[in-house]
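Architecture at a glance
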Amino acid sequence: MQSTVVEPFEIGPMGKKEQESDSSRSSRSSSPSASSSSGFGDEGWNGKIIEKIESRIQNKDCFFSLEFFPPRTRAGATNLVSRFDRIKCGQPLFVDITWHPGGMPGGDEPTSSMMIASAALNYCGLDAMLHLTCAGQTKQHIRKHLIKAKLKGIKNILALRGDPVGDDQWKPTEGGIGYGSDLVRFIRDEFGDYFGICVAGYPTGHPDCSSYEEDLQHLKEKVDAGADFIITQLFFTAEVFLKFVRDCRNVGILCPIIPGIFPIQAYNSLRQLTKLSKLEVPEEIMSTVLAIKDNDEAIRNYGVHQCVQLCKQLLESQEVFGLHLYTLNREVACTEILSQLGLWQSAPDTSTPRRLPWKQTANHSRRTCEEVRPIFWASRPNSYIHRTLDWAEYPNGRWGNSSSPAFSELTSHYLFYLQSKSKPSELSEMWLPELNSVQDVFDVFECYITGKPNKIGKKVTKLPWNDEELAAETTYLTDKLAILNRNGLLTINSQPNVNSAPSSDQVVGWGKPDGYVYQKAYLELFINCSRLAKLEEVLKEYPRVNYHIVNQKGNVNLSNCGQKPIAVTWGVFPGCEIIQPTVVDPVSFQIWKDEAFELWLARWGHIYEEGSKSAEILRHIYENYYLVNLVDNDFVKGNVLFDLLLKVIS
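This section reports on the structure supplied with the text. (Residues numbered from 1 in each chain as written. Predicted model: local features only at pLDDT ≥ 70, side-chain atom pairs only at ≥ 80, totals over all residues. Heavy atoms only, no water.)

1. Here's the deal with the packing of aromatic side chains
- Under the defined criterion, the tally for this structure stands at 29 aromatic pairs.
- With a centroid separation of 5.3 Å and 20 degrees between ring planes, the pair formed by F235 and F241 is classed as stacked.
- A residue is classified by how much of its surface remains accessible, and F235, at 4% relative accessible area, is buried.
- Judged by relative accessible area, which is 0%, F241 ranks as buried.
- Considering the side-chain rings of W377 and Y384, the 5.4 Å spacing of their centres and the 55 degrees angle between planes classify their relative orientation as tilted. Exposure class is identical for W377 and Y384. Each is buried.
- An aromatic cluster of at least three residues, connected via ring pairs, comprises F376, W377, Y384, W391, Y394, F407, F589 and W592.
- One residue, K150, lies across the ring of Y194, its end atom 4.8 Å from the ring centre.
- A cation sits over an aromatic face here: K155 above Y194, 4.7 Å from the ring centre. (Phe/Tyr/Trp six-rings, centres within 6.5 Å; stacked < 30°, edge-to-face > 60°. Buried < 20%, exposed > 50% of the residue type's maximum accessible area, 1.4 Å probe, protein only. Lys NZ or Arg CZ within 6 Å of the ring centre and 35° of its normal.)

2. As for unusual backbone geometry
- Phi is positive for K60, which is not a glycine, with a value near 55 degrees.
- Counting through the fold element by element, K60 comes out in the loop between α2 (49–58) and β1 (63–68).
- Note on K60: relative accessible area 57%, which makes it exposed.
- In this structure, Q91 takes a positive phi of about 65 degrees despite not being glycine.
- As for its placement among the helices and strands, Q91 is situated in the loop between α3 (74–89) and β2 (94–97). (Helix = DSSP H or I, 4+ residues; strand = E, 2+ residues; numbered from the N terminus.)

3. Brief notes about the packing of helix α10 (residues 283–291) against helix α11 (residues 296–316)
- At a minimum axis separation of 10 Å, α10 and α11 run at an interaxial angle of 160 degrees. The angle between α10 and α11 places the two elements in the roughly antiparallel class. Where α10 crosses over α11, the two elements pack in a sense that is right-handed. Contact residues: I285, T288 and V289 in α10; I299, Y302 and Q306 in α11.
- A breakdown of the residues in the contact of α10 with α11 according to their chemical character gives four nonpolar, two polar and no charged. (Axes fitted to C-alpha atoms, helices over the stretch in contact; angles between N-to-C directions. Parallel < 35°, antiparallel > 145°, perpendicular 65-115°, else oblique. Left-handed = near helix turned anticlockwise from the far one by under 90°. Contact = heavy atoms within 4.5 Å. Nonpolar A, V, L, I, M, F, W, Y, C, P; charged D, E, K, R; others polar.)

4. Focus: the nonpolar core
- L66, F84, L146, F195, I261, L314 and L323 are the most contacted members of the largest nonpolar core, which totals 78 residues.
- The element that contributes the greatest number of residues to this core is α11, accounting for seven residues.
- The residues contacting L146, other than those within four sequence positions of it, are L132, I157, F186, I187, F191 and F195. (Core = buried A, V, L, I, M, F, W, Y, C linked by side-chain atoms within 4.5 Å.)

5. Things to note about the pairing of β1
- In terms of burial, β1 is a largely internal element, six of the six residues being buried.
- Burial along β1 is two-sided: the residues F63, S65 and E67 and F64, L66 and F68 are all buried.
- The pairing of β1 with strand β9 (residues 322–326) spans five bridges and is classified as parallel. Pairing of E67 across the sheet is with Y326, part of β9.
- Strand direction decides the pairing type here: β1 and β2, joined by four bridges, are parallel. Its bridge partner lying in β2, E67 is registered against D96.
- The parallel pair β1 and β2, bridged by α3, forms a crossover whose chirality is right-handed. (Pairing = 2+ DSSP bridges. Right-handed = clockwise from strand over helix to strand, strands pointing away.)

6. Some points on the environment of G47
- Within the secondary structure, G47 sits in the loop between α1 (22–29) and α2.
- Its relative accessible area of 4% is what places G47 among the buried residues.

7. Digging into the pattern of salt bridges
- Counted according to the given criterion, the structure contains 25 salt bridges.
- Put simply, R56 and D61 hold a salt bridge, and the shortest N to O gap is 3.6 Å.
- With a relative accessible area of 37%, D61 lands in the partly exposed category.
- The partner of K462 in a salt bridge is D467, with the nearest N and O atoms 3.8 Å apart. For the pair K462 and D467, a shared accessibility class is recorded, and that class is buried. (Salt bridge = Lys/Arg side-chain N within 4 Å of Asp/Glu carboxyl O.)

Note that all results are geometric; they support no functional claim without further evidence.
Okay, here's the thing in structure tokens:
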């Protein structure tokens, strides 16, 4: 992808530069995931959060998780998903998404609980747990929701009785499920061990229970029915939680119990939440909040301080290793709390190489063995995941038969998890409010590469084909890329040649330790049809270069690589086969070209009025430019692709 363009590696061959028995819990938690030819599969990890929790507790390694609720609007859903990408950098163990009975939580709308959880899992790489309540639902409805969750790869459910919509008193639903323990049992009876199941605990007792002791017995029933772990409702003092844990152990509840932490961020949210949970706030806390209730900043600062002190006491007890924070979709205070506790990862972790050189999903039930992708979607991984979501299996080890891939249709630009993270007004400023000529387009591409402001003084941090800023390593080839784009060779994807770089290298490294990675130089660009003859002529001078040239209509299809895929990235690692994670596949390129061309109109052209001069300039490019990919097969001698293209523009 554009962000991984670096100088060729000059490296020699050696490199330099509800309670159950222990046995039944084990059988549920450790079923192996599908194996992979490279040995890179997450051995033993089958997507259930309980496995990670138990591993962290066993190693006394502290962790945290975050709770979110579905936004009410499509724009809010897009915003939340873009924040998930940032949140992932903080390394939460998982996120969970609440179930809102009044808003069609199991539907296909962007604001549904199901779709938000699926987006977090499949497109943001976050392990996600979906809340599911049985209040007001029949068994048929609940079964339908669980089947849908399974199809989307969701493997973790927080099973709750839930509350009725509005202020109605709770009552059983005809043909439904009465209590949380019954819901857990139903999930186990219907789906066996597929789902990891969490249940709620109440450190001061459920408000509908006649006594604290009775509520403990109900909690034990939920665990005995098959729940894997417990997350508690909020509380305000460490001793309340620690006493609750001791009491649970005394009645035979032995599964992990994670404290639910509520950062006080506003007076009204505190009052509303305590009203719903019927929880009594300690006088010391309430009097402090009341004194500053009209000062949002003061309340937030107090809430952070109070929460940090509470969490420190819990972690210092050596009884607690995980914290579950209720964000109320305002994660700023939560990240501050976690930073003060030393749990938030403030910068990307570069100490551990990437498992593979492209963004991975957290869908462990569907894509566990996936190891190979066409390079064309390197900068649009969410689009690739969406268009291959229905595949019965994913390639591992080799791409396989080029005639087999069946990508879904290109009708997805509107989907909230594929939209740009920037507002339309921001995109308009980056890509210019008005285009006067194709040279303006060239300048936008050049500004993206160089980091220089465009002609109205705005920095271009993304293009339709790449919604992310360029990585720092791109500066190694800034001058060469700038020359190409300045002259109308519009690059959208590139890769340097690499000869035996250590897998631990922070620029191009990936895979297991003590391995070596290799890459063929790759470049993908749009070129004006008037330069096609010159490009064909120059290509004859470079027999080691494979090329594929197509236009939007599909009636031009020039290639010297046949129908077989070309491996452009591979790695050699101890104890496993060579893996080839990216390929240039001629058949997939024909699929990708439709998407690549469509982005000119659907993403960039969309910001202009139809029929305007700006829109017509982009349509001219859409109709008259060719999409070209080039592979330099000699990864040892160096990259000749820039020399080749400089001859085209000379």
